[in-house]
6 protein chains.
Amino acid sequence: MFEEVKMERMTWREFEAKKDRVLILPVGATEQHGPHLPLCVDAVLAEQFACRLAQAVGGVVAPTLSYGYKSKPLSGGGPLFPGTIDLNGATLQQLASDLFDEFVRDGFTKIFIMNAHFENDPFLIEAMDLCSARYGDRVTLVLSNWWDPMPEELIGRLFDEVPFPGWAFEHAAITETSLMLYFAPELVREELIVDSKGAAPCPYFKYPIDKDAIPSTGVLATARSSSAEKGRLIVEAVLPRLVEIVGTAFPG
Amino acid sequence: MFEEVKMERMTWREFEAKKDRVLILPVGATEQHGPHLPLCVDAVLAEQFACRLAQAVGGVVAPTLSYGYKSKPLSGGGPLFPGTIDLNGATLQQLASDLFDEFVRDGFTKIFIMNAHFENDPFLIEAMDLCSARYGDRVTLVLSNWWDPMPEELIGRLFDEVPFPGWAFEHAAITETSLMLYFAPELVREELIVDSKGAAPCPYFKYPIDKDAIPSTGVLATARSSSAEKGRLIVEAVLPRLVEIVGTAFPG
Amino acid sequence: MFEEVKMERMTWREFEAKKDRVLILPVGATEQHGPHLPLCVDAVLAEQFACRLAQAVGGVVAPTLSYGYKSKPLSGGGPLFPGTIDLNGATLQQLASDLFDEFVRDGFTKIFIMNAHFENDPFLIEAMDLCSARYGDRVTLVLSNWWDPMPEELIGRLFDEVPFPGWAFEHAAITETSLMLYFAPELVREELIVDSKGAAPCPYFKYPIDKDAIPSTGVLATARSSSAEKGRLIVEAVLPRLVEIVGTAFPG
Amino acid sequence: MFEEVKMERMTWREFEAKKDRVLILPVGATEQHGPHLPLCVDAVLAEQFACRLAQAVGGVVAPTLSYGYKSKPLSGGGPLFPGTIDLNGATLQQLASDLFDEFVRDGFTKIFIMNAHFENDPFLIEAMDLCSARYGDRVTLVLSNWWDPMPEELIGRLFDEVPFPGWAFEHAAITETSLMLYFAPELVREELIVDSKGAAPCPYFKYPIDKDAIPSTGVLATARSSSAEKGRLIVEAVLPRLVEIVGTAFPG
Amino acid sequence: MFEEVKMERMTWREFEAKKDRVLILPVGATEQHGPHLPLCVDAVLAEQFACRLAQAVGGVVAPTLSYGYKSKPLSGGGPLFPGTIDLNGATLQQLASDLFDEFVRDGFTKIFIMNAHFENDPFLIEAMDLCSARYGDRVTLVLSNWWDPMPEELIGRLFDEVPFPGWAFEHAAITETSLMLYFAPELVREELIVDSKGAAPCPYFKYPIDKDAIPSTGVLATARSSSAEKGRLIVEAVLPRLVEIVGTAFPG
Amino acid sequence: MFEEVKMERMTWREFEAKKDRVLILPVGATEQHGPHLPLCVDAVLAEQFACRLAQAVGGVVAPTLSYGYKSKPLSGGGPLFPGTIDLNGATLQQLASDLFDEFVRDGFTKIFIMNAHFENDPFLIEAMDLCSARYGDRVTLVLSNWWDPMPEELIGRLFDEVPFPGWAFEHAAITETSLMLYFAPELVREELIVDSKGAAPCPYFKYPIDKDAIPSTGVLATARSSSAEKGRLIVEAVLPRLVEIVGTAFPG
């Protein structure tokens, strides 16, 4: 699937021939997603959105970054869950910076970062900022999370049985579970979806982290009522918006 | 004002005598705040909340960090406005880390970071995370922004004439202007408050930054209907919550 | 394939249950491999050997590092080929270091780095050295390349039609092509294998790099006489040796 | 006081209008200054000289850096006194470097660093050196300490009752105490000035630091005979010299 | 000896006059070399080859780097021997980078790194790579180890009594001992040369390092049959090749 | 000369046997010293004082650091003279830090840094500070410059024909020239000593550096009246003081 857009499957000559296209870099994480979802959720979502976008706009998808910045308690359950493998901020930033530099050296000037892990943003953006200062106007860098361009009106349809808990708490919950049921149902343990009580908001950050403040399952809001159909709805709503961003941000 | 809580006014012996107290570090920024507010808004707000909190809980306020992390277009107008002086993320992180280490070496074990610049959070938290891994349980670090503990119900009273644009766009707008009118009215050019059109949301980050995407005044949402009275309302609602956080996070 | 050993497909609880096992980290590269092989060769080889080893020893395979250290002209064709995406040494080192730390925090004490990109070694080893100094005796770190444990006697069987050019020049040549034909034949463009003249050795490093010193195809030694059967021979000879290393290096 | 020269009180438009002026960055420290002086002495002195200089030359004063490089035993009492908050050298250097870059990006080309903490010099100068290599001739950076341009003949008048102990030992002693009595008498505990024995010189540096080598008060030479009048004498002698430096170093 | 080529003995004016010449930087190590050789072997060899090469090509020899990157068990005995003083990779890289920059600032454009410590290569080359990216075509950097250009046919004459163990194991063995007997016989304890059993190869790297895997003398292959005459043979074979490299790499 | 104290001439077993001794690290520079002195002056002076001190106290002398921190205009002539090879501060600091760590790992607990280049101090001391924080009380680190312990009364005898210009200006002047005449007369071009006008003091640092502010010879104060005899006087006065420092700082 998506064979024709994946850089990793191309020879260097095939890749070289596409250097005027949009280069899409999917960025995920390796992070706990409760008892019913695998550790690769963010990597899978980033790669799926990236490949579908690439198909739509004739882009190229670079190998996915499978490790991301530190999971935070109230957006991903935090570092105390085994399987949550956290990079330091400086490491992710340097990794992204090296990759941008190399894509640019190979002649690409339109770089789209497709992110699926909430916590990655600030360090990816710091890399974009510092690289862009060196590139000037000849290179355009864009970052979008898959949830950012989601139409407001869709929220109601997705959260028809339970209330929308806000994006930070949508971890291993309805949107991620539905997308995984749509993209890779073989990786979802549906029988382990429980209608657990979600996390409670907290108006401050505290270290050392209180493990008690997070549901012991790692699920921050209920995944009940997730479905492949809802996953499809999200993709069909978000993808055209991503295509639109590409059109706007990389004109000509 | 606040003479008795400011570390900078103490001798070393006076400071030493307080090492079992909460040490509060205000973190602001030097950043454009439209035609009607000075560059020091975030530093003033951080320091004011810090000093009032210190008075309430018997804490000590360290010298304010007057420079913060990079202003972003849709939360502070971005780097292209003169007077917006941006630190790199690594610099702010290292600065905070050195300070935490030094307060801990002096015997303090309760450190409260009072932040007033939206963009600072991820790099301050990265410093907290890395330092806490070295300190273990003997030191507690807490970060709160002044807007985080604000009661939901207050929003309606503050935004009685114009709609609430979301916290990111509340830059040089009603809450910041009202707080400055309450804390330091001599620094507000009320005659320059104009009822400008605010910024439009954008579901992605892009570099190089489009200057056209931001209102040319640097005001991201209207400041119309700001008042010292609204500033007072905010302080009176937020302060007890901050005191509560101190009580919860640093028990005993 | 290999579903049961891949960390990314596990939930956090499944992963936690395996923390006394060997954790295998495959490290590859995104690098030109001539006109007939895709950019992912090193990543595929690292992952294939890692998964087969994990099956044999009951280990867990972490997500593959798809980007590696800088390709050098006389071991990978060098940086001037499009599609060769090079990390700085410090970046790869920091990335590996963060990952080791996280696996150790999750309770793993036996870490095996399965490398397939010649140039990665020094920076992975530097990370191992610095991390091990912090871990002391409670954690064992092992690195092996797939070619290191290859029995000497196999060389003659693989190089039955052309002479063995040495490991550095075995880039996009017989061993890599044969392994790809065995592991992932759909990714090999057999019709593009040409019996080109290989690279000439050079007793020094020089910058700026002379592009003329490298065959323009990126193939450093002929791939003629490659076959899936030779790939199978390599795997069947190397795998038992890797199992033996695991037994020796992580006793008990 | 000094309202009109302080950047922090300006709006961004007011600041922008001054970009052809001299930008003065005061750099202090948070450091013990004996039983009679507050921790902010170096910050106050740096800011006072900066503001007075700015008034004289039409310059702009950026927010003071309140934290400086590590206090050394025989120039500031060293790190073992509570209230002495030390930045690492690399942190101060990076902080200064970021600020220079930002002032230059805003259009300023004449930057004057007004330092009041002896130990800051090497790391501020390293930042100046590295930044200047990037700026070339279009930006001029100058650093002066307030004691550097002091006329030799003034020493006799200041040290009329006790001998001049050298600048390194003039810590919490006659010059700093007199300046604080002149600038901010409300911060001086005059009753706590004791005629203590000063520190003894030592021809080497040693770690770990011997606490016994430093007077337990933190005062390195007697403050006896300090007066606001002596403070005024210093200011009246030094200020014209600073103005002269500005005229010489930033011609035209 | 070699007075006329050593930079350190020149005045600045003499050095300036040579800026169109080849600048040769010898890089060694401080590392155990068994019971019969001193810790300076690699530094002496680097400097001797550098000076002889400089005489032959009219070059200038910069002060030798006496400390190198970490000794590895199977190429130098590893870090556990006293007297083996290891730099971190990042330190050697930064040191080399600073030196290249300075030689280039002084007008030199032909830089030859004469290395004599196996483990230094990757970090010296990383420095060359990063510096060269900044210099572009106006500066040429070359690195050669003294053993790289050795003619294959010489191996047989040197290893007339014992088999050639491979370059990695030639540590404190025949080639190094013979060269030291030729260059600096007063530093060789010939009576302590014992015909010890050498190290055994190992197809993987492991941390923590097994001290038992290395001969307790630190000699990785026998030094028996070493002689000053063999040292002379090496020099007479290698030197013309180094001269040839200079001619090829720095034409015109 | 000094064969028995130089670490570089020892085997690892000889070095190991001395681990309870004082380890002396000479730190110099490669820096212009006018038309009459070679670039190695600071390295020679550091090594000579180190070896004589080692003989007197039974210490061991590690290989000299031949490259130091950036020369400043008014203490060494500055970076614009060819032959002045400047390390960045961070590089020297990291280099020293790595060496301290390695000496300590080898069992040494008494480390004496013998410095001969004025500008090195702050970065060597920063390394000492950071390392000592890790070592605690079990390791003692001392730094002395050769001029620091010089008896005041000797100044008059050395400056019998010309006035003492202060230590910063004693660059390529009477003390350095006399010491070189005593230690290594073959490296001094006596015929090129001219009675030039020295540098003028300046109460501020400025970048870009004004080349005109420094005498074009690079000599900051006259070397007239230098003699080997004066060199001998310095050594005979300073050496006993250095021995005394060793006795005081490393008791027992």
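Everything numeric in this text was worked out from a predicted model, so none of it was measured.

A. Quick peek at the pattern of salt bridges. For the structure shown, the criterion picks out 78 salt bridges over all chains. The salt bridge partner of R224(D) is E161(D), with a shortest N-O separation of 3.3 Å. Taken as a pair, R224(D) in the loop between strand 7 (205-207) and helix 8 (228-249) and E161(D) in the loop between helix 6 (152-158) and helix 7 (174-183) lie far apart in primary sequence, 63 residues in all. One network of salt bridges, in which partners are shared, links K70(A), E126(B) and D129(B).

B. Focus on the side chain of T84(C). All names here are of chain C. Mapped onto the fold, T84 is located in the loop between helix 3 (73-76) and strand 4 (86-87). Classification of T84 as buried rests on a relative accessible area of 0%. A polar side-chain atom of T84 sits 3.0 Å from the main-chain amide nitrogen of Q32.

C. Molecular detail of the packing of helix 2 (residues 41-57) of chain A against helix 7 (residues 174-183) of chain A. Residues and elements named next belong to chain A. Running from amino to carboxyl end, helix 2 crosses helix 7 at an angle of 60°, the nearest separation of the two axes being 11 Å. Our classification of the angle between helix 2 and helix 7 gives oblique. Regarding helix 2 and helix 7, the two cross each other, and that crossing is left-handed. Contact with helix 2, carried on its side by V41, D42, V44, L45, Q48, F49 and R52, involves E176, L179, M180, Y182 and F183 of helix 7 and no other residues of that element. Looking at the contact of helix 2 with helix 7 residue by residue, the classes come out as eight nonpolar, one polar and three charged.

D. A look at the relation of the copies chain C and chain A. Of the transformation superimposing chain C on chain A, the axial component is 0.0 Å and the angular component is 180°, with the fit at an RMSD of 0.0 Å. When the rotation and shift are considered jointly, the pair of chain copies conforms to a two-fold rotation axis. Minimal C-alpha distance to the rotation axis in chain C is attained by T91(C), lying at 3.4 Å.

E. The arrangement of the side chain of H36(E) in detail. Among the secondary structure elements, H36(E) is positioned in the loop between strand 1 (22-27) and helix 2 (41-57). Setting aside residues no more than four positions away along its own chain, H36(E) makes contact with A172(E), T177(E), L187(E), V188(E), R189(E), L192(E), I193(E), V219(E), A223(E) and T11(F).

F. Layout of the pairing of strand 6 (residues 140-145) of chain C. Of all the six residues making up strand 6 of chain C, six are buried; the element is thus mostly covered by neighbouring parts of the structure. Of the two faces of strand 6 of chain C, the one holding T140(C), V142(C) and S144(C) and the one holding L141(C), L143(C) and N145(C) are both buried throughout. As judged from the six bridges shared by strand 5 (residues 110-115) of chain C and strand 6 of chain C, these two strands associate in the parallel manner. Note that in strand 6 of chain C the partner of N115(C) across the bridge is N145(C). Each parallel crossover has a hand, and the one from strand 5 of chain C via helix 5 (residues 121-135) of chain C to strand 6 of chain C is right-handed. With three bridges joining them, strand 6 of chain C and strand 7 (residues 205-207) of chain E adopt antiparallel strand pairing. Following the sheet pairing, L141(C) is matched in strand 7 of chain E by Y207(E).

G. The interface of chain D and chain F, seen in detail. Contacts between the two partners involve 33 residues from chain D and, on the opposite side, 33 residues from chain F. For the pair chain D and chain F, the summed buried area comes to about 2800 Å², and 62% of that belongs to carbon and sulfur atoms. When the buried area of chain D at its contact with chain F is split by residue, Y204(D), F205(D) and Y207(D) rank highest and sum to 24% of it. Linking chain D to chain F there are four salt bridges. The salt bridge partner of K70(D) is D129(F), with a shortest N-O separation of 2.9 Å. Where chain D meets chain F, there are 16 residue pairs in polar contact (both at pLDDT 80 or more).

H. Quick peek at the relation of the copies chain D and chain F. You can overlay chain D on chain F at an RMSD of 0.0 Å; the transform is a turn of 180° with a shift of 0.0 Å along its axis. With an isologous cut-off of 70% or more, the 100% of interface residues of chain D that recur at the interface of chain F puts this contact in the isologous class.

I. Fine view of the environment of D137(B). Residue and element names in this part refer to chain B. Its location among the elements puts D137 in the loop between helix 5 (121-135) and strand 6 (140-145). The exposure class assigned to D137 is exposed, which follows from its relative accessible area of 71%. Put simply, D137 and T109 are 28 residues apart on the chain and 9.6 Å apart in space, counted from C-alpha to C-alpha.

J. View of the sheet that holds strand 7 of chain D. Taken together, the five strands give an open sheet; going across it, the order is 7(D)-6(F)-5(F)-1(F)-2(F), and neighbouring strands pair in mixed fashion. Sheet topology places strand 7 of chain D together with strand 2 (60-61) of chain F at the edges, where each strand pairs with a single neighbour. As defined by bridge partners, strand 1 (residues 23-27) of chain F adjoins strand 5 (residues 110-115) of chain F across five bridges and the pair is classed as parallel. Residue L25(F) lies in a different strand from strand 5 of chain F, and its bridge partner there is I113(F). Sitting on the sheet, helix 5 (residues 121-135) of chain F is in contact with strand 7 of chain D together with strand 1, strand 5 and strand 6 (140-145) of chain F, with an inclination near 170° to strand 6 of chain F. Along the sheet face, helix 8 (residues 228-249) of chain F touches strand 7 of chain D together with strand 5 and strand 6 of chain F and points at about 160° away from the line of strand 6 of chain F.

K. Representation of the interface of chain C and chain A in the model. Listed per partner, the contact involves 47 residues of chain C and 47 residues of chain A. When the two sides are added together, the surface that chain C and chain A hide from each other amounts to roughly 3900 Å², 61% of it contributed by carbon and sulfur. Three residues stand out in chain C for area buried against chain A, namely W12(C), Y67(C) and P82(C), and they jointly supply 18% of the buried area on that side. Its salt-bridge partner being R189(C), residue E14(A) comes within 2.7 Å of it at the nearest N-O pair. The interface formed by chain C and chain A includes 22 residue pairs in polar contact (both at pLDDT 80 or more). Mapped by element, the contributors of at least two residues to the side of chain C that touches chain A are helix 1 (12-16), strand 4 and helix 4 (89-105) of chain C.

Here is what the cut-offs are and how they apply
- Along each chain, numbering runs from 1 in the same order as the chain's sequence is written.
- Chain labels run from A onward and ligand labels from 1 onward, assigned in the order the entries are written.
- Since the coordinates come from a predicted model, pLDDT governs what is reported: local features require at least 70, and pairs of side-chain atoms require 80 or more to be given and counted, while whole-chain, interface and lining totals use all residues.
- Heavy atoms from the whole structure form the basis of all side-chain values; hydrogens and water molecules are not counted.
- Salt bridge criterion: a side-chain nitrogen from Lys or Arg within 4 Å of a carboxyl oxygen from Asp or Glu.
- Helix numbers and strand numbers start at the N terminus; a helix is a DSSP run of H or I with at least 4 residues, a strand a run of E with at least 2.
- Relative accessible area decides the class of each residue, using a 1.4 Å probe on protein chains only: under 20% of the type maximum gives buried, over 50% gives exposed, and in between gives partly exposed.
- We define a polar contact as two N or O atoms separated by no more than 3.5 Å, with the added condition that, inside protein, one atom must be a possible hydrogen donor and the other a possible acceptor, whereas residues neighbouring each other in sequence contribute only through side-chain atom pairs.
- The convention used is that axes are lines fitted to C-alpha atoms, helices contributing only their stretch in contact, and that angles between N-to-C directions extend from 0 to 180 degrees.
- Roughly parallel means an angle under 35 degrees; roughly antiparallel, over 145; roughly perpendicular, 65 to 115; everything else is oblique.
- Less than a right angle of anticlockwise turn of the near helix away from the far helix marks a crossing as left-handed, whereas a clockwise turn marks it as right-handed.
- Pairs of residues are marked as contacts when any of their non-hydrogen atoms sit within 4.5 Å.
- Residue type decides the class: Asp, Glu, Lys and Arg count as charged, Ala, Val, Leu, Ile, Met, Phe, Trp, Tyr, Cys and Pro as nonpolar, and the leftover types, Gly among them, as polar.
- Least squares is used to superpose the copies, and the fit set is the C-alpha atoms of residues whose pLDDT is at least 70 in both copies.
- The pairing criterion is simple: DSSP has to find at least two bridges between the two strands.
- When the strands point away from the viewer and the connection leading from the first strand across the helix to the second strand turns clockwise, the crossover is called right-handed.
- Buried area is understood as the total, over both parts, of accessible area removed when two parts are fitted together, assessed with a 1.4 Å probe.

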